[in-house]
Protein chains: 2
Amino acid sequence: MSAARMQVLSSRNVRLLSRGRNEVFAGRSGAQRPGGDPRTRSLTCPPLSSSSSPGRALSSLSATRRGLPKEKMSENGIMSRAKVLTIDTMNPTVKKVEYAVRGPIVQRAVELERELSEGMKKPFAEVIKANIGDAHAMGQQPITFFRQVLALCSYPELLSDSTFPEDAKSRACRILQSCGGNSMGSYSASQGIDSVRQDVARYIERRDGGVACDPDNIYLTTGASDGIVTMLKLLVCGEGTTRTGVMIPIPQYPLYSAALAELGAVQINYFLNEEKCWSLDITELQRAVNEARQYCNPRALCIINPGNPTGQVQSRQCIEDVIRFAAKERLFLMADEVYQDNVYAEGLELASFHSTSKCYMGDLRFSLSLCFVLCGFRGGYMEIINMDDEVKDQLTKLLSVRLCPPVPGQALMDLVVNPPQPGEPSYGSFIKERTATLSALAEKAKLTEQVLNTVQGISCNPVQGAMYSFPRITIPEKAVKEATETGQQPDMFYCMKMLEETGICLVPGSGFGQKDGTYHFRMTILPPTDKLKILLNKVKEFHQRFTQQYS
Amino acid sequence: MSAARMQVLSSRNVRLLSRGRNEVFAGRSGAQRPGGDPRTRSLTCPPLSSSSSPGRALSSLSATRRGLPKEKMSENGIMSRAKVLTIDTMNPTVKKVEYAVRGPIVQRAVELERELSEGMKKPFAEVIKANIGDAHAMGQQPITFFRQVLALCSYPELLSDSTFPEDAKSRACRILQSCGGNSMGSYSASQGIDSVRQDVARYIERRDGGVACDPDNIYLTTGASDGIVTMLKLLVCGEGTTRTGVMIPIPQYPLYSAALAELGAVQINYFLNEEKCWSLDITELQRAVNEARQYCNPRALCIINPGNPTGQVQSRQCIEDVIRFAAKERLFLMADEVYQDNVYAEGLELASFHSTSKCYMGDLRFSLSLCFVLCGFRGGYMEIINMDDEVKDQLTKLLSVRLCPPVPGQALMDLVVNPPQPGEPSYGSFIKERTATLSALAEKAKLTEQVLNTVQGISCNPVQGAMYSFPRITIPEKAVKEATETGQQPDMFYCMKMLEETGICLVPGSGFGQKDGTYHFRMTILPPTDKLKILLNKVKEFHQRFTQQYS
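This report concerns the structure included in the present document. These numbers were taken from a predicted model, which means no experiment stands behind them.

1. What to know about the environment of Lys 83 of chain A
- Of note, Lys 83 of chain A is situated in the loop between helix H5 (78-82) and helix H6 (92-96).
- Of the residues examined, Lys 83 of chain A reaches a relative accessible area of 6% and is grouped as buried.
- Sequence separation of Lys 83 of chain A and Cys 213 of chain A is 130 residues, and the distance between their C-alpha atoms is 53 Å.
- Within the structure, the side chain of Lys 83 of chain A is placed 2.5 Å from the backbone oxygen of Asn 386 of chain B, a separation counted as a polar contact.

Below is the structure:
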């Protein structure tokens, strides 16, 4: 009955629509067509009746609509002026958001791929996207066990399929039993599936040599971004000189700067020391916080370790110093798991994030297989430590508004923290796949560093922990001048040229932040070894060509 | 090599940790233990060395830490006072966020489930969660075809399995081909997978009788919440009386009020007319916007249709009037698909959302099978129409910061808009499953309305379009008084009592907003018919008992 009624309504609307279009359309001049002031139009808009033929009228109008070239519309500005929501009337904080990892250079790369597919001639046969740590897109094979369990969870009828190993089946059953109605299609608790949070807690305890971890402090998230943005949201308050300030490393992963811009928080930069392999020293933290106290209220310190884009791993001494510093300066610490075991000793408040694109401290090999699985599944978790109970309730409430993180990502997270164990049927193949993946990666990290350091004008720190290299490049004065004249950052100018000439897509260092007058690019080490070799040689040749051209 | 280095670091940290704990622990008084001022503690914290036994020390500290009862800590306030982030120093807008659908009553329901599982005696054998539209959790079976394709995408080795139908396989291949590296584990484009957005556009065109739909206007989202919050974010600006105001229906789905609170936008209420089956009339919209113009800048009008929690479907006349009104008052319209075909005629700006828990206008039967699959997968899309090009670029940029929506949810969305076609092997079973699901639902909608209307003091409008009923309940003066004295909303008091006495979890109307002096609850119609009958009778008996008790 309700179904019936809606059917009727909808077919009515279609007739109404066509009729309405004809009349309104007829009553308008070309210039007004899609862009005219809605107010006048709605006034001249005659009562809509229910006759006449949909098809023709509709297509004709939509055709007309599509007919107007975008340029024209923005040129004469009619559209923008007529609109409620324009670049001038939108949320100003959103405009401040920048995200280089998917910025103009990536958009151009996508265009180039289209142009290639349309048969356009280019100096290269394919676009190589080395801008983002997307392992599967680079041809990396997924871990069979993970995928088997996911398939079993998606379609439980497969549980009776004898070709699936028993441990994959029992794992799938356990996950499904913790889902409402034994289905991944159900909402989970807002904080995440209980059994998954328990497994994450056990994983952290194993990793930390028995330090107790309370599953109530584990929040499953939609990737890391979700958790990081939520934590920052809790911290932001005040106005003017009391506005919350958040310390982030430079270079940084631009999610942080983007989130701070959107929240209208004050970004406090502290610089990593490139000469000392991107290490972090306390005197620099102290300088940054002291200066910041003059114009904002520093409340949080973000640490990215292993570094992204810089790929370093901070020393033990550094870790101790950072924690003492945060406690002394009364800063909420937002950090990777690496710090948490040091933290209880300080009673410091901390939120610790795991993401699908970051690494687990203390087990690089394992962590990388993680990165290799989760990107598209948007899995992640954060652990909070020493958080005020009332604030924790607010956090849970805030997360509940988005109902729950994607359940397939939660299931996958469970497998990642709880992989096949010795003696289980899938253990052998799991270890084999993992080892293959990781020896290849270790090799590629080394290869990248070596090749880039043979190029004059490029110097590359070792890739210690992440899947990126962030080499420093020398850009000739003439090139800097030409870039500045065209209103571009010199390293954007450099990367854009490289993209056009070689099809290689990198992210300019300016997208992550860097010391003034220095230039870098971020490049993933993920392409298959043979492809990576070609890529590195193309970069080498391009850099030499570029240097000659502008010197 | 890098792996090796991190291994060492981590084991060092564990030793460091244990040692650090012992000394700090020894050097502290009980009161200070977990809560003392980090500054003093970090100053008394001795240099950490690398000896002594982890296990004991750690467990002893964490034991002590866990030992302190929460009440104690918040009572004496030591913890809170010591902390950087407290309820008094956190983001005030977050505190204003309310989300009844997962509020205190649901938390109590979870506790009750635990107590039951621990063998505690209750007047009921199980908790029935009728608070949220979570079909699978209510025992609804998933659509086989959807799950088969997901399994194939998760574990492509199954493509050679002869037990899977050919159309499921070809569908899986098409999805995988559009994923980076042919893997669901890859990031997708921020806006969503191209081929999925194309299928969504084709679906909209079919539904709207051929109106052209540009895939560039389709954004795949993480559930509807993601899209709605993002759109509101773009619209919010100004301060004081120029602050952006957004019109929402009362009763409303609390995602809207929660998002507005978080963004610090002004919520403008317009009331649906319960006497006229929750219809919406323009004079009320006009009243609301006129009053609002005195204290804010109304910029957007949100329409929820079919209604949630109210389940009505607005009339054709209403739809026309709303669009004219929005155009006349220059409001950005945020609406369900139902409106879009009327909109081109007005050149109005609109964002149209589909979610995993809402219904497709014009095809209730189909839409419900949608709700029945996607909850946990967090799939969704929005279509934007007539949006300013520069703003659209900002929208795309903003979405790119969270990289991409979960790929499994995108894949599922593709199947939902593009189900098996006549002649394809899975068509028969798909239609059979869908029909079974929907005839059951139509039956349950009717049953709910009928039974509830037999109860004196309960009146229930017909469930026309969503999966909820929102009956009005009479609460005796004495009960209202007792509730007010205990600082509760009367309908919260009512629902909480029902939960404790019957195990039935409903959401009080106050969580959605209602006319002063009226009381309601929201109840899903999703439980299996036999269970629903029991549930409705328990509600009936409870209401009669409650009324007697308090009259």
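Picking up after the structure, the text goes on.
2. Some details on the packing of aromatic side chains
- Going through the model one piece at a time under the given rule, you end up with 24 aromatic pairs over all chains.
- Measuring from centroid to centroid gives 5.9 Å for Phe 493 of chain B and Tyr 550 of chain B, while their planes differ by 75 degrees, and the two rings are edge-to-face. Residue Phe 493 of chain B is located in helix H22 (residues 490-502), and its partner Tyr 550 of chain B is located in helix H23 (residues 529-550); the two are separated by 57 residues in the primary sequence.
- Overall, Tyr 550 of chain B belongs to the buried group, its relative accessible area being 6%.
- Grouped by ring-pair contacts, the aromatic residues Phe 493, Tyr 494, Phe 521, Phe 542, Phe 546 and Tyr 550 of chain A constitute a single cluster.
- Here the guanidinium or amino end of Arg 522 of chain A rests over the ring plane of Tyr 468 of chain A, the centre of that ring lying 3.8 Å away.

3. Section: the state of the cysteines
Residues and elements named next belong to chain B.
- Taken as a whole, this structure holds zero disulfides over all chains when the rule is applied.
- The structure places no disulfide on Cys 505, whose sulfur is separated from the nearest cysteine sulfur, that of Cys 495, by 8.4 Å.
- We classify Cys 505 as buried; its relative accessible area is 0%.

4. Quick notes on H22 of chain B
- Look at H22 of chain B: 18 Å from first C-alpha to last across 13 residues, which is about the 18 Å you get at 1.5 Å a residue.
- At the exit of H22 of chain B stands Gly 503 of chain B, carrying a positive phi of roughly 80 degrees.

5. Observations concerning the nonpolar core
- Core analysis: the largest hydrophobic core is formed by 88 residues, its most contacted members being Leu 234 of chain A together with Leu 234 of chain B.
- For Leu 234 of chain A, the contacting residues outside a window of four places in its chain are Met 387, Val 391, Leu 395 and Leu 398 of chain A together with Leu 85, Met 90, Asn 91 and Val 94 of chain B.
- With 72 residues, the next largest nonpolar core counts Ile 143, Cys 153 and Ala 411 of chain A together with Leu 176 of chain B among its residues.

6. Section: the pattern of salt bridges
Residue and element names in this part refer to chain B.
- The final tally for this structure, using the stated rule, is 44 salt bridges over all chains.
- In this structure, Arg 171 engages Glu 424 in a salt bridge whose closest nitrogen and oxygen atoms are separated by 3.8 Å. On the criterion of sequence distance, the pair formed by Arg 171 in helix H10 (residues 166-177) and Glu 424 in the loop between helix H19 (407-417) and helix H20 (427-453) is long-range, its members being 253 residues apart.
- Arg 293 serves as the salt-bridge partner of Glu 329, at 2.7 Å between the closest nitrogen and oxygen.

What counts as what
- Residues numbered from 1 in each chain as written.
- Chains lettered and ligands numbered in written order.
- Predicted model: local features only at pLDDT ≥ 70, side-chain atom pairs only at ≥ 80, totals over all residues.
- Heavy atoms only, no water.
- Helix = DSSP H or I, 4+ residues; strand = E, 2+ residues; numbered from the N terminus.
- Buried < 20%, exposed > 50% of the residue type's maximum accessible area, 1.4 Å probe, protein only.
- Polar contact = N/O pair within 3.5 Å; in protein donor to acceptor, adjacent residues only side chain to side chain.
- Phe/Tyr/Trp six-rings, centres within 6.5 Å; stacked < 30°, edge-to-face > 60°.
- Lys NZ or Arg CZ within 6 Å of the ring centre and 35° of its normal.
- Disulfide = S-S within 2.5 Å.
- Expected span 1.5 Å × (residues − 1).
- Core = buried A, V, L, I, M, F, W, Y, C linked by side-chain atoms within 4.5 Å.
- Contact = heavy atoms within 4.5 Å.
- Salt bridge = Lys/Arg side-chain N within 4 Å of Asp/Glu carboxyl O.

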